[in-house]
Amino acid sequence: MEELVQAVQNGEEEQALAAARAVLEAGTPASEIIAALTAGMREVGQRFARMEIFLPEMILAAHAMQAVMKVVEPHLAAAATPAAKRGVVVIGTVEGDMHEIGKDIVIALLRASGFEVHDLGANVNPLEFVRQAEAVSADIIGASALMTTTMPGQKEIVELLKAKGVRDKYHVILGGAPVTAEWVQEAGADSWGENAGVAVEVLERVMAERRR
Ligand code: B12
């Protein structure tokens, strides 16, 4: 696992893929691998902030992470036994923000748990979240933001929902590394998915309440 995390951090895609296959073959649960890689990517961010690495290295690490996720994801789906559809989710990364690795992990875990997920991608205008949620009769809107400068986009979604008189139709969950419980409250959202596992737990509870 250490080798895998290091290979991803160093952007060594081939080594990372080989290590990922070995770790999976050894029977390590996909969720454990994702948790270790998530911590590894945060460390990459810290190195970038300290100027120990630069943008090209961060891009290589992101590519390696995305390649590894393609190998790990199918094991996630195989481990879960989705029962009845748990709820409809519209999710995206807010406008101005291209980070989508975390959002994609949340999507993979939600789908593996039986949710119907509509992925809007990255750099999504607040109005698009609302339009899509209305179009697919979503239960949940999920918004990811990885930068302090793009977090206001999460609040804008909630304000748009209010302005259109449909705020109560949706459970709004926020996520991304800079998001905190305080921000969720300030933005007027309903919950915080600190990581993908927590997001699934929270949304399963929300759907159970809604169906009562
Ligand atoms: C990889 C990365 C990139 C990649 C993104 C590739 C991609 N396709 O996604 C690339 C290299 C392109 C990139 C670009 C930039 N980046 Co960058 N990046 C990162 C890095 C290192 C890791 C992010 C990541 O993938 N983490 C792994 C995932 C698994 O973790 P996660 O995203 O936190 O997701 C988990 C939870 O947060 C949660 N979650 C996430 N989303 C959601 C959504 C919902 C609804 C829920 C419920 C939960 C949830 O669940 C996830 C899984 O458990 C972070 C460091 C960090 N601390 O996050 C910097 C970081 C976010 N980047 C940063 C910066 C500055 C940039 C650039 C501006 C750099 C530049 N000079 O160009 C550009 C911005 C481009 C843009 N407009 O968006 C800064 C942001 C600082 C700030 N202002 O807040 C950070 C914090 C690095 C740093 N310390 O300086 N980046």
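Before any of the text, the structure's been laid out above.
Below or above, wherever it landed, is the structure these notes cover. This one's a predicted model, so the numbers in the text were calculated from it and none came from an experiment. (Residues numbered from 1 in each chain as written. Predicted model: local features only at pLDDT ≥ 70, side-chain atom pairs only at ≥ 80, totals over all residues. Heavy atoms only, no water.)

Once that is clear, we can look at the coordination of the cobalt atom of the ligand. Think of it this way: four donors in a tetrahedron around the metal ideally sit 109.5 degrees apart, and six in an octahedron ideally sit 90 or 180 degrees apart. Within the protein, just one atom coordinates the cobalt atom of the ligand: His99 (NE2), at a distance of 2.3 Å. Residue placement: histidine 99 occurs in the loop between β1 (88-93) and α5 (101-112). (Donors = N, O, S within 2.8 Å, 3.2 Å for Na, K, Ca; no water. Helix = DSSP H or I, 4+ residues; strand = E, 2+ residues; numbered from the N terminus.)

Moving on, we come to the site of the ligand. As a structural note, the neighbourhood of the ligand is formed by 38 residues, with Arg42, Met98, His99, Glu100 and Ser144 the closest of them. Isoleucine 101 has a polar backbone atom sitting 3.4 Å from an oxygen atom of the ligand. Note that an oxygen atom of the ligand is positioned 3.4 Å from one of the backbone N or O atoms of glycine 176. The pocket occupied by the ligand, as judged from atoms lying within 2 Å of grid points, is the largest pocket. Listing elements by their share of the shell around the ligand, those giving two or more residues are α3 (30-49), α4 (55-79), α5, β3 (140-144), β4 (171-175) and α9 (196-211). By residue number, the principal contributor to the shell around the ligand is α3, which donates 6 residues. Partitioned by chemical class, the residues of the shell around the ligand number 20 nonpolar, 13 polar and 5 charged. Looking at which domains feed residues into the shell around the ligand, each of domain 1 (2-79) and domain 2 (88-211) gives three or more. (Near = heavy atom within 4 Å. Polar contact = N/O pair within 3.5 Å; in protein donor to acceptor, adjacent residues only side chain to side chain. 1 Å grid on protein atoms, 1.4 Å probe; cavity = no way out; pocket = protein on both sides within 12 Å on 5 of 7 lines; lining within 4 Å. Sits in = over half its atoms within 2 Å of the grid points. Nonpolar A, V, L, I, M, F, W, Y, C, P; charged D, E, K, R; others polar. Domains from an automatic or database assignment.)

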